[in-house]
Amino acid sequence: MRVTQTLLSDRALAALREGLSRMAKTQNQLGTGRRINTPSDDPAGHSIATRLTARVATLDQYDRQATAAQGPMMATNDLLGSLSDLAGRAQELAVAGATGGLGAGERAGIATEVNQMLEEVVAVANGSEHGRYLLGGQETRTAPLSVTRNVNGDITAATWNPRGVDGTINATISDGVNVQTNIGGTAVLGADTDSTFLPALLVQLRDALNTNNQAAVNAVIDQFNAATTRLGAAQAQVGGQLQAIDRATSANDTARTAAKAALSAVADADVAKIAVDLSQQEAVYQAALHAASQAIQPSLLEFLK
Amino acid sequence: MGAAQLAQATVGNNAANASTPGYSRRRVNLVEAPSVRLSGGIFGTGVQAANVVRLRNALIDTQRRADSQELNYSQAQSSILEQVDSLLGPTGDSGLGNALNGLFSAFGDLASHPEDAATRQALLGQGQGFADAVRQTRDRLVSMESDGFASVSDRVAEVNSTAQRLADINSQTLAGQPDPSLQDEQDRLVDRLSELIGVRATTRADGTVQVVVDGTGIQLVDGARATALTVSGTPTGGTVSLSVGGATLGNPRGEIGGLLHMRNSSVDGLPAAISKLDTLASGVIAAVNRVHASGSGLTLAQSVTGSVTVSNPAATLATAGLWLTPVAGTLNIGVFDASGNFVSSGSVSVDPSTMSLNGLATALDALPNIDASVSGGKLVISAANAANRIAFGPDGSDSLVALGVNGFFTGTDAASIQVSSTLQATPNLIAAAQANFTAGTISPGDNRNALALAALGTSRILAGGTQTPDEALGAFGADVGTWARSASTRTSTQQALLDAANAQLQQTSGVNIDEGLADMLKYWHAYEASAKYISTVNSMIDSLMGIL
C-alpha cells in the first residue's frame, strides 16, 4: 500500500474526530446526570421514561387530591363528634325531663337548655371549612339547614336546602379509585320530614317540656336512639373514608417509589461507570493525539539537511 | 537536461500541492529521444519528456463520489433531525411532557377545589402552558421547514454555478491542449456536484466531462452547455420539488436530496413530525373539550358562541369539512335563571348526514327558552330571556366539540391550540360541575366534570383509543429519536466508507513527500550527470582546440 502524508493526517483526524465526539457524549451524560438527553440517545428508553414521568406526576396528583380531601373530612369527623355529643346530652335531658315529680318550672328550665342545644345543633350542622359547608352535599356554598323562628326568636322548624344536601363529592385517589370525600346531610341528621330528624326532635322535646307534658317528653326519648344510631353510622362512614384515603396514599407511596426507581434505572446516568468511561476515552484520545503528532511530522526533509 | 528540469519542476509542483484538495499527483513520462543511425551504428540522442500525466483512478473516483453523495444525504438529514430531537429534550424536563402532566394535574386540583378562584386561575395557566409548549414546538418545526427550503434554494444556486463553471472548463478543454490542472478542476467540480446532488460523470475522448444526475437520465452538463435546476414550492407546507428544463427530479441524493427528504417526507421528515404533533394536539383538544363541553361552570353564560367557523353552514355536518366529524346522537341543553334555578331543558337529536349547521341552529332555536343562530359561520346559542343562562348536558353527537362550543381549548391542531379566551376572561365558566336537568340543579361543590377531565390523563383517548396522552407523547419521542438515531448511524457508516475511498484515492493520486524528494534526488542526479557529460564534452573540445 502506498501511504501519503495526507492519508496519514486524514486517518489521524478521523480517529481524533471519533474520540472527541464519544467524549462529548459521555461528558454530556456526566454533566446532566442523565443517560438519555435526547430521544435519539435511546428511543425506546425515552418513551418509557416519558411514561414513567407521567406516572409519577399522576401519583403525585392522586396524593394532592387525597390531602385536599383529608382536611374537610377531619373537620366533618369533628363535626359529627360534636353532633353525637349533643344528641347524647339531649337524650339525657329528655330522660331527666321525663322523670315524675318535676314541676313546670323545672321542666321549663330543662327546656331552655334543650333550646340552647337546638341552636347548637343547627350551628354545628351548618359548619363550614374554608367557606365550604360540610354537610351541604355538592351545594357547598349554601348553608344546608335553614330554620324558621317564632316571634320569640325560637326555632320552630329546620329544613334542608331544597336543592339537596346529598350530592356526593368524590376524589380520585388511586387508579380507578374514587372515594366519597363528604357525607350527605340526611345521612347525618335524617331527612327533614323524618320523625327522627334531630332538630325536629329537639323542637318537639323543648315544646313538650315547656308545656310540662311528661307523656310527650317520654315519647321523644326512644326517637333519640334512632338519631344517635344514625350519627354513629355516619361517623363510621367518614372514618372508613378517611382510612381508604390513608390506605391509598400509602399504596401510592409504594407505587411512586417503584416508578421513580424504574425511571432512574432507565434515564439516569450511572455516574461511577460514566466517569470511568470518560477517563478511559480521554486516555484513548490522548494516545490518538500523540500518535498523530508522531506520525504526521517525519518526512525525508528532516534528514536531507 | 531540459527533460530532467521538467521532471524536477513536476516533482516540485507535486510537493507544493501535497495538501491541495483535489490535487492529483503528476508524473513526467520520460522516453528515449529518437536515435540516429550513423556510419558506426545506432546512437542514442538522449532523453526527452513525452508528456505529463495525472495519476488518477476513475473507478475509485466513481466509488468515492457515490459514498460522498450518500454521506451528504445522511448528514443533511441528521443535522435537521438532531434539531427536532433536541426539541423534545431530556425526559422529565421536556417542555411538552411537563406541560401535559401539569395540565391533567391542574384538572385534578380543580376537582379538589371546584369553588376556588385561585385553583381555576392556576388551571388556566397550566392550560396555556400546554398550548404554548405545543405551539412553540410546532413553530420550531415549521421554521425548520422554511430553513430547509432556503438551504435547498442556496444549494441549487450553487449546483447551477458549479455546473456552469464545469461547462466553461469543458469549452476551454475543447479549445486547447489537455491540461492536468484543468482536469483536476473538472474533478473538483464534479466532486462538489456529487456532494450537492449526486451525479454520475463520464469523461469523453475529447476531454470534456458529461454530468448526469445520479439515478436519472437528466443531464446537468453536456460539453459546453449546462442546464439549470429550478426549485418550486413554498417555504412551508406542501411539497418542494426540483426540475431540470421541465423534467422533474425525483429523489436526488447528496445534500440537496437529504434536505428535500426532510422537507417533504411524510414518513420520517419534518411534515411527519408536524403531523404527529398536530394529531397529538387535536386528540387532546377533542378529548378535553368533549368532557368540558358537557359540563357547567360555577357561573353560566347567557350566550355561547362556537370557536369553529364553518365555511358552508348549509352543508351537512358530515360534509362541511369540520376538523372532527360529529356522529349521530343527542345533544342536551338546559336553561337556568341567574340565581341558578332551573328553567327548562330540551334535547336535539343530531344526524350529521342530514343535518346542516343551519339545521342544527334551527332545531336548537325551536327548544323552549333558547335562541340559536349561525353568525359568520359560527354557532351562537343564547338564552331567549337575557336574564337566563345556558347550561349544556351530555352531548352524544360530538357536535359541540366539532363546532368549538363551550370548550376548554379553542383551535383544532398544534398550530392553533389556545385556552378559550372566554374562560380566561371568566374563570368561573370552567366546567367543573355537571348540570342535573332532572333535579334541576347545578352545584358549586360538584366536581364530577373536573374528575372526568383529570381522568383523561390516564385514559386511552388518543390514537383511536389505544394510547394515553403520555404514551402518545412517548411514542412521538421514540419515533423522532429513532429517525435521528438511524440518520446518525447512516452518517457514520457513510463517513467510514468515504474515508476508505479517500484513502484509496490518496494511494494513487496523493503526494508522498518522501517519494517526491527521492524523485527530486533522482532527477538531480540525472541533471548532474547530463551537466557532467556536457562539461566532459566541453573539455574534450577544449583539448581538441588546444591541439589545433
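Residues numbered from 1 in each chain as written. Chains lettered and ligands numbered in written order. Predicted model: local features only at pLDDT ≥ 70, side-chain atom pairs only at ≥ 80, totals over all residues.

Side note on the confidence of the model for chain A
Averaged over chain A, the pLDDT score is 88; the fraction of residues at 70 or greater is 96%. By mean pLDDT, the top-scoring element of chain A is strand β3 (residues 145–149) of chain A (93), and the lowest-scoring one is helix α1 (residues 5–32) of chain A (81). (pLDDT = per-residue confidence, 0-100. Helix = DSSP H or I, 4+ residues; strand = E, 2+ residues; numbered from the N terminus.)

What to know about the sheet that holds strand β15 (residues 370–375) of chain B
The pairing of strands in a sheet happens through backbone hydrogen bonds and is either parallel or antiparallel. Residue and element names in this part refer to chain B. Spatially, β12-β16-β15 is the arrangement adopted by the three strands of the open sheet, whose pairing is antiparallel. Where the open sheet ends on each side, the last strands, each with one partner, are β12 (303–305) and β15. Taking the axes of each pair of neighbouring strands and ignoring which way they run, one obtains an average angle of 15 degrees across the sheet. As defined by bridge partners, β12 adjoins strand β16 (residues 378–383) across three bridges and the pair is classed as antiparallel. For threonine 305, the partnering residue across the bridge sits in β16 and is valine 380. (Pairing = 2+ DSSP bridges. Axes fitted to C-alpha atoms, helices over the stretch in contact; angles between N-to-C directions.)

Structural notes on the domain arrangement of chain A
It is common to report an interface's size as the accessible area lost on association of the parts. When its domains are assigned, chain A resolves into domain 1 (5–51 + 265–303) and domain 2 (72–260). Just the C-alpha atoms count here: the centres of domain 1 of chain A and domain 2 of chain A sit 73 Å apart. (Domains from an automatic or database assignment.)

Overview of the packing of helix α7 (residues 270–293) of chain B against helix α12 (residues 469–509) of chain B
All names here are of chain B. One can describe the packing of α7 onto α12 by two numbers: an axis separation of 11 Å at closest approach and a directional angle of 175 degrees. When the interaxial angle is binned, α7 and α12 end up roughly antiparallel. Residues Ala273, Lys276, Leu280, Gly283 and Val284 of α7 lie in contact with α12, whose contacting residues are Pro469, Ala472, Leu473, Phe476, Asp479 and Val480. (Parallel < 35°, antiparallel > 145°, perpendicular 65-115°, else oblique. Contact = placed C-beta atoms within 7 Å.)

Topic: the sheet that holds strand β10 (residues 241–244) of chain B
Residue and element names in this part refer to chain B. If you trace the three strands from one edge of the open sheet to the other, you get β9-β10-β11, paired in antiparallel fashion. Each having just a single partner strand, β9 (229–232) and β11 (247–249) make up the two edges of the open sheet. In this sheet, neighbouring strand axes are inclined to one another by 40 degrees on average, regardless of whether the strands run parallel or antiparallel. With three bridges joining them, β10 and β11 adopt antiparallel strand pairing. Looking at β11, one finds that leucine 242 is bridged to leucine 249. Here helix α4 (residues 117–175) sits on the sheet in contact with β9 and β10, set at roughly 165 degrees to β9.

What about unusual backbone geometry?
Positive phi outside glycine occurs at Asn212(A), with the angle close to 55 degrees. Locating Asn212(A) in the fold gives a position in the loop between α5 (198–210) and α6 (214–267). You can call Asn212(A) partly exposed: it has 17 C-beta atoms within 10 Å. At Ala463(B), a position not held by glycine, the phi torsion is positive, near 50 degrees. Positionally, Ala463(B) belongs in the loop between α11 (448–455) and α12. (Buried ≥ 20, exposed ≤ 12 C-beta atoms within 10 Å, placed from the backbone.)

With respect to the nonpolar core
Within the largest apolar cluster, 186 residues are counted, with the highest numbers of intra-cluster contacts made by Val114(A), Leu202(A), Leu205(A), Phe107(B), Leu193(B) and Val211(B). Broken down by element, this core gets its largest block of residues, 16 residues, from helix α2 (residues 43–98) of chain A. Excluding its chain neighbours within four sequence positions, the residues that come into contact with Phe107(B) are Leu123(B), Ala450(B), Leu453(B) and Ala454(B). Formed by five residues, the second largest nonpolar core is a distinct cluster that contains Ala4(B), Ala7(B), Val11(B) and Tyr523(B). (Core = buried A, V, L, I, M, F, W, Y, C linked by C-beta atoms within 7 Å.)

Regarding the pairing of strand β7 (residues 219–222) of chain B
Looking along a regular strand, one sees side chains alternate from face to face of the sheet. Residues and elements named next belong to chain B. Where strand β6 (residues 209–213) lies against β7, two bridges are found, and the strand directions are antiparallel. If you follow valine 211 over to β7, its bridge partner there is valine 221. The pairing of β7 with strand β8 (residues 225–226) spans two bridges and is classified as antiparallel. Bridging across to β8, valine 221 finds its partner in alanine 226.

Considering the environment of Val199(B)
All names here are of chain B. Its location among the elements puts valine 199 in strand β5 (residues 199–203). Note: C-alpha distance between valine 199 and arginine 188 (11 residues apart in sequence) is 13 Å. Not counting chain neighbours up to four residues away, the residues in contact with valine 199 comprise Val190, Leu193, Ser194, Val211, Val212, Val213, Asp214 and Leu220.

What to know about the confidence of the model for chain B
Caution applies to low-pLDDT regions: their predicted coordinates should not be interpreted in detail. Chain-level statistics for chain B give a pLDDT mean of 87 and a share of 99% at 70 or above. The complex model carries a pTM of 0.83, and its ipTM stands at 0.82.

Some words on the packing of α1(A) against α12(B)
One way to put it is that α1(A) packs onto α12(B) with a least axis distance of 9 Å and a crossing angle of 165 degrees. Judged by the angle between their axes, α1(A) and α12(B) are roughly antiparallel. Here α1(A) and α12(B) pass one another in a crossing that is left-handed. Here α1(A) contributes Thr6(A), Leu7(A), Asp10(A) and Ala14(A) to the contact with α12(B), which in turn contributes Asp499(B), Asn502(B), Ala503(B) and Gln506(B). Split into classes, the residues belonging to the contact of α1(A) with α12(B) amount to three nonpolar, three polar and two charged. (Left-handed = near helix turned anticlockwise from the far one by under 90°. Nonpolar A, V, L, I, M, F, W, Y, C, P; charged D, E, K, R; others polar.)

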